[in-house]
Amino acid sequence: MVRFYQLVFALLFLSLSTFGQSKSAINAFQKAQEAFRSGDESKGWRYLEKSMKKGQEVYYQPYIYAGDLSFQNGQYAQSIHYYDQAISITPLSTIYLKKSIAYKYTNQWDLAINALQLYLKNARFSQQRRKEAEQMLIDLLFTRDSYERFNSDTFNYNITKLSFSTDQLEYFPTITGGDEQLIYTHRQILGTQSSDENLFEGVLGSPSESGKPLRGYLNSPLNEGASSISADGQFMVLTVCNRQEGAGSCDLYYSHWNENFGWERPEPLPGEINTGRWESQPSLGPDGRTLYFVRGRNSKSNDKDIFLSIKDEQGNWSRGTKLPNSINSPSRESCPFIHFDGVSLYFLSERSPSLGGSDYFKSVRINDTAWSEPINLGFPLNSFGEEFSLVIDKSGTFGYLSSERGNKLIPDQQKMYALDLYRFDLPKHLQPEKRFNYDLLVVDSLTERPIGIAKVQLYNDSGVQFFSGESHKNSGIVRLMTDGSSIRITAYKKGYLPYSNKISALQQIATPLHGTKSPAKIKMVPVAIGKSFSLRNVLFDLDKSSLLPESEKELRSLLITLTDNPSLMATIIGHTDNQGSRKYNQALSEARAQSVLNWLVENGIDASRLSFEGRGMDEPVAKNDTEWGRGLNRRTEVQLR
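Cut-offs applied
- Residues numbered from 1 in each chain as written.
- Predicted model: local features only at pLDDT ≥ 70, side-chain atom pairs only at ≥ 80, totals over all residues.
- Heavy atoms only, no water.
- Helix = DSSP H or I, 4+ residues; strand = E, 2+ residues; numbered from the N terminus.
- Buried < 20%, exposed > 50% of the residue type's maximum accessible area, 1.4 Å probe, protein only.
- Areas by Shrake-Rupley, 256 points an atom, 1.4 Å probe, with all protein chains shown as cover.
- Pairing = 2+ DSSP bridges.
- Axes fitted to C-alpha atoms, helices over the stretch in contact; angles between N-to-C directions.
- Disulfide = S-S within 2.5 Å.
- Phe/Tyr/Trp six-rings, centres within 6.5 Å; stacked < 30°, edge-to-face > 60°.
- Lys, Arg positive; Asp, Glu negative; His and termini not counted.
- Salt bridge = Lys/Arg side-chain N within 4 Å of Asp/Glu carboxyl O.
- Polar contact = N/O pair within 3.5 Å; in protein donor to acceptor, adjacent residues only side chain to side chain.
- Contact = heavy atoms within 4.5 Å.
- 1 Å grid on protein atoms, 1.4 Å probe; cavity = no way out; pocket = protein on both sides within 12 Å on 5 of 7 lines; lining within 4 Å.
- Points joined across faces, edges and corners; volume = space filled by probe spheres on them.
- Nonpolar A, V, L, I, M, F, W, Y, C, P; charged D, E, K, R; others polar.
- Core = buried A, V, L, I, M, F, W, Y, C linked by side-chain atoms within 4.5 Å.
- Expected span 1.5 Å × (residues − 1).

Undergrad: What exactly am I supposed to notice about the overall build of the chain here?
TA: Along the backbone of the chain there are 12 helices and 32 strands. Counting only C-alpha atoms, the chain reaches 110 × 50 × 45 Å along its principal axes. Split into buried and exposed, the 641 residues of the chain put 54% on the buried side. As displayed, the chain offers around 29,000 Å² of accessible surface, 49% of which is attributable to carbon and sulfur atoms.

Printed below as a string of structure tokens:
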């Protein structure tokens, strides 16, 4: 959809009529146009005023031209004056449309609505054009209501331009689960030579007046931009264009952070996600296996929609499924940002009703296939200018956006197209769920060296998985974006015993979090005969030996260990808490251990390699006076033979 103000001032310029008009007025108007085209505004205005004087009351063209120039210079009251002069000569319907927009930019809503209604009444439309004009009225009424709500609101959005946002183009901000820097796309448009798109980094909270190119091998003479960073800041998905190995004009690539030199050379995302079409604007989900992105014929096509890709167990990304119609309207959608809560999606849309050509919207995921009806974020996050992209901090209370609004709610027409970066605060009704970052470091239990590409899965106490990914290949870090409740952890790496543990809400507070302190450690033990380990997330029905479905995720790690090490044998040992009699708990522990053995056999492990036993309540690893302690005692132990 063409931008609103562009649409209006790109209307067919009315042909000159010489009826009753002096030839000198027409000549002066033509000289004025030539002067403005050559950049001599002073001379242009002199000829324009001469034309208006010569053709007073009979020649409307210079008044429309003067009104348009005044509007483009932000002189809205003056533009209305000139439009009124033109209407007094010839009440052309398009002048009412121009007046309506000028009134809108001065917050004179009733006058703006009245002028637009006169346009609708007097203009001669095609069916499609009338439909578009009627939608303009709906948008105008919505804008008035949104502005009045904003004007009566006491919340301070604190929209502030970032210090490192320059006169060049800065857009597509992206953040990690930390708070130190903002990564964004930069393009130089001023000076002797424009540049391609590159990725820059600005330090948040610093007085720096410019950002710096990212360290490493991301930026090239071709276009790189529109990136998304994992919560731990160690993995990036970015848009790369016009590469020989690419599938289309722009594709989605990935890169890892290397402490020694910066970002590694980008490679195409594996799988089917890149097609012959245009793929761009990625947003990584906090679960480590979902990626929201935009696909269309090209960057300017009208078929741009938001898709969701899922990473499989082999690390390949699916082709992507288009999000439902509640998200993807008949208009263009772009710039998705999925918050660290995993359910709050912010995106850009050109749907109506809206304040401008494109507005920010928010929707919440209800389940795997359904989303809430998107809501327009309204003033002042949306403005009369063109919005571009937006991200929200893990706290949910503030964020960053890119927009061409200039420094005001009402944009300066002279500064349009100058995309800048802004920080803002977010009111409660637009906030996502709050998240905290909590770092885990996967290490070898003997050497304490970091272990990369260990499969890590995280669940809440209800067994709902909120992360399925890998420790970073260079650092061994896994960053959780947690709501502060208890966490179940399962980890596996070939050559090591499966890791299983729980982290309570209190432990999250007590254990050092991300920052200058050391992260909590996942110590993985090398596989060896005689070693034993506990599976704390193998769960059963209450007082029964039947396995709950969520247990399978952890049992898979044990299954892979036995499959990868065919010479190993294992004894499955069941343990219980002290609730009930000793005899009852002994029988229950035996039955549960046998259930695990049966599951392994059903999934391909030779029964001759396995045995089981129950030890009831006799070997607790924690006190039984709290539910948390009893939960630790209810466990499945595996001894390797």
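Undergrad: Where do I start with the sheet that holds strand E28 (residues 520-524) in this structure?
TA: Sheet strands pair via backbone hydrogen bonds, and the direction of the pair is either parallel or antiparallel. Strand order in this open sheet of 3 strands is E25-E22-E28, and the pairing throughout is mixed. Single-partner strands in this sheet number two, and they are strand E25 (477-482) and E28. Across the sheet, the axes of successive neighbouring strands diverge by a mean angle of 30°, strand direction being ignored.

Undergrad: Sorry, what's going on with the environment of Ala520 here?
TA: Take Ala520: it is sitting in strand E28. Given a relative accessible area of 13%, Ala520 falls into the buried group.

Undergrad: Sorry if this is basic, but what is going on with the state of the cysteines here?
TA: Among covalent bonds in proteins, the disulfide is the one between the sulfur atoms of two cysteines. Scanning all chains against the criterion turns up 1 disulfide. What pairs with Cys241 in a disulfide is Cys250, and their sulfur atoms sit 1.9 Å apart. Disulfide Cys241 to Cys250: torsion about the S-S bond roughly 100°, handedness right-handed. Each member of the pair, Cys241 as well as Cys250, carries the same accessibility label: buried. We note that Cys335 lacks a disulfide partner, and the nearest cysteine sulfur, in Cys250, lies 13 Å from it. Here Cys335 falls in the buried class, since its relative accessible area comes to 7%.

Undergrad: Where do I start with the packing of aromatic side chains in this structure?
TA: The geometry of an aromatic ring pair comes down to the distance between the two centres and the angle between the two planes. Applying the stated criterion to the full structure yields 31 aromatic pairs. Between Phe29 and Tyr65, the ring centres sit 5.5 Å apart and the planes meet at 85°, which makes this aromatic pair edge-to-face. On the criterion of sequence distance, the pair formed by Phe29 in helix H2 (residues 23-38) and Tyr65 in helix H4 (residues 61-72) is long-range, its members being 36 residues apart. Judged by relative accessible area, Phe29 falls into the buried class, the value being 1%. By way of ring pairs, the aromatic residues Phe71, Tyr76, Tyr105, Trp109, Tyr147, Phe150, Phe155, Tyr157, Phe379 and Phe384 are connected into one cluster.

Undergrad: Explanation requested: the side chain of Asp251 in the structure shown.
TA: Mapped onto the secondary structure, Asp251 falls in strand E8 (residues 250-258). In this structure, Asp251 is buried with no salt-bridge partner, the nearest side chain bearing the opposite charge being Arg295 at 8.3 Å. Among the polar contacts made by the side chain of Asp251, one reaches the main-chain amide nitrogen of Ala247 at a distance of 2.9 Å. Sequence-distant contacts of Asp251, that is, excluding residues within four places in its chain, are made with Leu238, Thr239, Val240, Gly246, Asn274, Thr275 and Glu279.

Undergrad: Could you clarify how one ought to interpret the pattern of salt bridges in this entry?
TA: Two side chains that carry opposite charge are able to pair once their charged atoms sit near each other. With the rule as written, the count across this model stands at 27 salt bridges. Salt-bridge contacts for Asp425 lead to Arg423; the nearest nitrogen and oxygen are separated by 2.9 Å. Accessibility expressed as a relative area gives 18% for Asp425, which makes it buried. Through salt bridges with shared partners, a single network forms among Asp577, Glu627, Arg630 and Arg634.

Undergrad: Got a minute to help me understand the sheet that holds strand E29 (residues 532-535) in this structure?
TA: Read across the sheet, 4 strands follow the order E29-E32-E30-E31 without closing on themselves; strand pairing throughout is mixed. Two strands in the sheet have a free side with no partner beyond their single neighbour: E29 and strand E31 (610-614). Shown here is a sheet whose adjacent strand axes are inclined to one another by a mean of 25°, direction ignored. The sheet contact formed by strand E30 (residues 570-575) and strand E32 (residues 635-640) spans 6 bridges and is antiparallel.

Undergrad: It is not clear to me how empty space enclosed by the protein should be interpreted in this structure. Could you clarify?
TA: To find leftover empty space, one rolls a probe the size of a water molecule over the atoms. All chains considered together, the criterion is met by 4 cavities of 30 Å³ or more. At the level of secondary structure, the elements contributing two or more residues to the lining of the largest cavity comprise strand E2 (169-174), strand E6 (224-229), strand E11 (278-284), strand E15 (333-338) and strand E19 (387-392). Of the residues in the lining of the largest cavity, the class split is 16 nonpolar, 9 polar and no charged.

Undergrad: Looking at this structure, I do not really get the environment of Trp628. What am I missing?
TA: Examined against the element boundaries, Trp628 turns out to sit in helix H12 (residues 627-633). Spatially, the C-alpha atoms of Trp628 and Ser486 are 9.9 Å apart, while their sequence positions differ by 142 residues.

Undergrad: Before we go on, may I ask you to explain the nonpolar core in this structure?
TA: Soluble globular proteins tend to pack their nonpolar side chains together in the buried interior. Trp45, Leu48, Phe71, Ile95, Leu116 and Tyr119 are the most contacted members of the largest nonpolar core, which has 48 residues in total. The set of elements that each furnish at least two residues to this core consists of H2, helix H3 (41-54), H4, helix H5 (76-89), helix H6 (93-105), helix H7 (109-122) and helix H8 (127-152). Tyr157, Phe172, Phe337 and Phe340 belong to the second largest nonpolar core, which has 34 residues in total.

Undergrad: Please clarify how H2 should be interpreted in this entry.
TA: One turn of an α-helix holds 3.6 residues; hence residues three or four places apart share an orientation. Between its terminal C-alpha atoms H2 stretches 23 Å, which fits the 22 Å expected from 16 residues at 1.5 Å a residue. Packed against the buried residues of H2 are H3 and H4. Gly39 sits one or two positions beyond H2 and adopts a positive phi of about 95°.

Undergrad: Please explain unusual backbone geometry as it appears in this structure.
TA: For residues other than glycine, phi is negative in most cases, and the peptide bonds are mostly trans. For the bond from Ser352 to Pro353, the omega torsion is 0°, close enough to zero to count as cis. Here Pro353 shows up in the loop between strand E16 (344-349) and strand E17 (359-364). Going from Phe379 to Pro380, the amide bond is cis rather than trans, its omega being -5°. With respect to the helices and strands, Pro380 occurs in the loop between strand E18 (375-376) and E19. Positive phi outside glycine occurs at Asn107, with the angle close to 60°. Counting through the fold element by element, Asn107 comes out in the loop between H6 and H7. The phi torsion at Ile453 lies on the positive side, around 55°, for a residue other than glycine. Mapping Ile453 onto the fold places it in the loop between strand E22 (436-444) and strand E23 (455-459).

Undergrad: Just checking my understanding: could you explain the pairing of E23 for this structure?
TA: As a general feature of sheets, a regular strand has side chains that alternate between the two faces. Among the 5 residues that make up E23, 4 are buried, leaving the element largely enclosed by the rest of the structure. Inspection of the sheet shows E23 paired to strand E26 (residues 487-492) by 5 bridges, in the antiparallel sense. Bridging across to E26, Lys455 finds its partner in Tyr492.

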